[in-house]
Amino acid sequence: MAQSVKGTRDLFGNDVRWFQHIEETARRVFQRHGYEEIRTPILEEIEVFKRSVGESSDIVHKEMYDFMDKGNRHVCMRPENTAGVVRAAIQHKLLINNDPRLLFYVGPQFRYERMQAGRYRQFWQIGAESFGVASPESEAESLLLLFEFLRELGLRHLQLSINSVGTAECRPAFHAAIRTFFEARQERFCADCHRRIQENPLRVLDCKVPGCQEALEGHPLIVDHLDEASRAHHERLKALLTAMDIPFVENPRLVRGLDYYTRTAFEVLSSDLGAQSALLGGGRYDGLVKQLGGPETPAFGWAIGLDRLAILMQALHGDAPVEAPAVLIPLGDAATLKAFELVRQWWAQGCRVQLETRNANLKKGMTSANRLGAKLALILGDGELEKGVIAAKDLAAGTQEEWPLEEVAERLPR
Ligand code: AMP
């Protein structure tokens with residue numbers, strides 16, 4: 001028997017109900033702030049990620065689902081959505097004159113990752129991107145949107161960590177400082193860190209190997225090497241967060257996995273998630289639009305993992321709310337014809353009712369209604385047809401009543 005591919009999973013029942021609830025909440029909150037949805041293809045040319053996420057990042061280096069297609073194009077299944085959104089925004093000239101442009105997406109991403117709890121090879125992300133504005137105020141707006149979304153989901157025990165990774169101008173001075181620090185204790189760092197210190201020294205700071213984290217004790221701080229404008233930017237963002245009552249901590253080792261961040265980088269952790277505590281991450285990426293061939297455009301955004309959000313919702317709230325449908329079971333040809341007439345009216349009025357179409361006998365119909373978890377079975381046989389009523393059986397209570405046909409619609413769940 002065929003099984004789902006390792007690292008992928010089928011979503012149904014309670015899982016899909018949590019996904020739907022989270023997506024509906026996101027759409028409601030985002031649209032209220034002026035964010036518009038964008039849907040980009042899962043397949044992109046590999047260059048989109050090489051030139052954005054960066055060849056030295058783990059994602060491009062080790063985790064891409066890439067292949068040559070039948071036309072000999074080197075394509076990949078997107079490992080994240082920001083680069084695709086930027087590619088699309090440039091292609092369709094959505095970014096002109098640095099007008100503010102707010103976009104969001106919801107969709108699956110693919111990374112060939114080592115398997116762990118809460119980590120999949122196909123996973124979903126919801127992301128918000130704000131283009132055209134370089135100010136800390138645009139970051140504060142985006143973070144306020146994020147926290148409104150999380151609050152509407154009823155999430156608690158969240159911690160916002162922020163850092164500034166500076167700009168291309170001030171980074172060389174920090175790179176020099178971290179290299180000097182690294183060289184003095186290089187034997188304590190892992191092989192990956194030896195590669196990172198050459199290719200992208202910032203990434204040494206967020207190595208997950210405990211020995212490397214210990215060796216970093218007393219490392220030089222990026223915030224001590226910021227240029228004046230980046231420092232003022234960082235201070236202003238902190239003041240805005242405080243004014244908005246969004247608590248945060250500063251994490252000088254937070255650099256994020258992707259190459260394209262400038263100035264603000266942040267993560268939100270959840271203590272309810274255990275080891276996989278990072279719920280989301282994001283930051284400013286002022287250089288990315290230009291890097292992908294577009295006009296110079298400042299940008300800020302974040303992506304949250306839908307799979308982890310769903311795990312958290314389950315842990316905090318139990319099963320997703322569900323309104324079990326009613327099932328209409330007609331018995332015999334005449335009742336079936338009448339049943340079609342009735343469900344057409346009920347559906348048009350927004351009622352939730354499932355029609356049994358197997359020409360089933362009562363026993364078979366009731367058995368599947370119970371297995372489906374229906375709360376209500378509506379039985380229409382010749383006797384009911386003659387009287388103009390329906391037999392309504394409450395499947396939880398086991399009680400049965402007769403309802404006049406014209407009253408059924410108002411008693412059905414919507
Ligand atoms: P990233 O794009 O790596 O910054 O990830 C942003 C968020 O996406 C993370 O905080 C997770 O919630 C989620 N995420 C990333 N990779 C995975 C994965 N392999 N499985 C499930 N969720 C993931």
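The rules we used
Residues numbered from 1 in each chain as written. Predicted model: local features only at pLDDT ≥ 70, side-chain atom pairs only at ≥ 80, totals over all residues. Heavy atoms only, no water. Domains from an automatic or database assignment. Buried < 20%, exposed > 50% of the residue type's maximum accessible area, 1.4 Å probe, protein only. Helix = DSSP H or I, 4+ residues; strand = E, 2+ residues; numbered from the N terminus. Pairing = 2+ DSSP bridges. Contact = heavy atoms within 4.5 Å. 1 Å grid on protein atoms, 1.4 Å probe; cavity = no way out; pocket = protein on both sides within 12 Å on 5 of 7 lines; lining within 4 Å. Points joined across faces, edges and corners; volume = space filled by probe spheres on them. Nonpolar A, V, L, I, M, F, W, Y, C, P; charged D, E, K, R; others polar.

Re the domain arrangement of the protein chain
Assigned domains of the protein chain: these are domain 1 (13–170 + 226–317) and domain 2 (326–411). For domain 1 versus domain 2, the separation of C-alpha centres amounts to 48 Å.

Considerations on the pairing of strand S10 (residues 278–284)
A large share of S10 lies buried, amounting to six of its seven residues. Pairing geometry for S10 and strand S11 (residues 299–305), over five bridges, is antiparallel. Looking at S11, one finds that Leu280 is bridged to Ile304.

Thoughts on the environment of Pro330
Tracing the sequence through the fold places Pro330 in strand S12 (residues 326–330). When its relative accessible area of 3% is taken as the criterion, Pro330 is described as buried. Sequence separation between Pro330 and Glu63 is 267 residues; the distance between their C-alpha atoms is 54 Å. When sequence neighbours within four positions are dropped, the list of residues in contact with Pro330 reads Ala335, Thr336, Ala339, Leu355, Glu356, Ala360 and Leu380.

Description of the layout of surface pockets
Considered as a void within the structure, the second largest pocket measures approximately 270 Å³ in volume. Lining the second largest pocket are 17 residues, with Phe147, Leu158, Asp245, Ile246 and Pro247 sitting closest to its centre. At the level of elements, helix H5 (136–152), strand S7 (158–164) and strand S8 (248–250) are the ones that each hand at least two residues to the lining of the second largest pocket. For the lining of the second largest pocket, the per-class residue count stands at 11 nonpolar, two polar and four charged.

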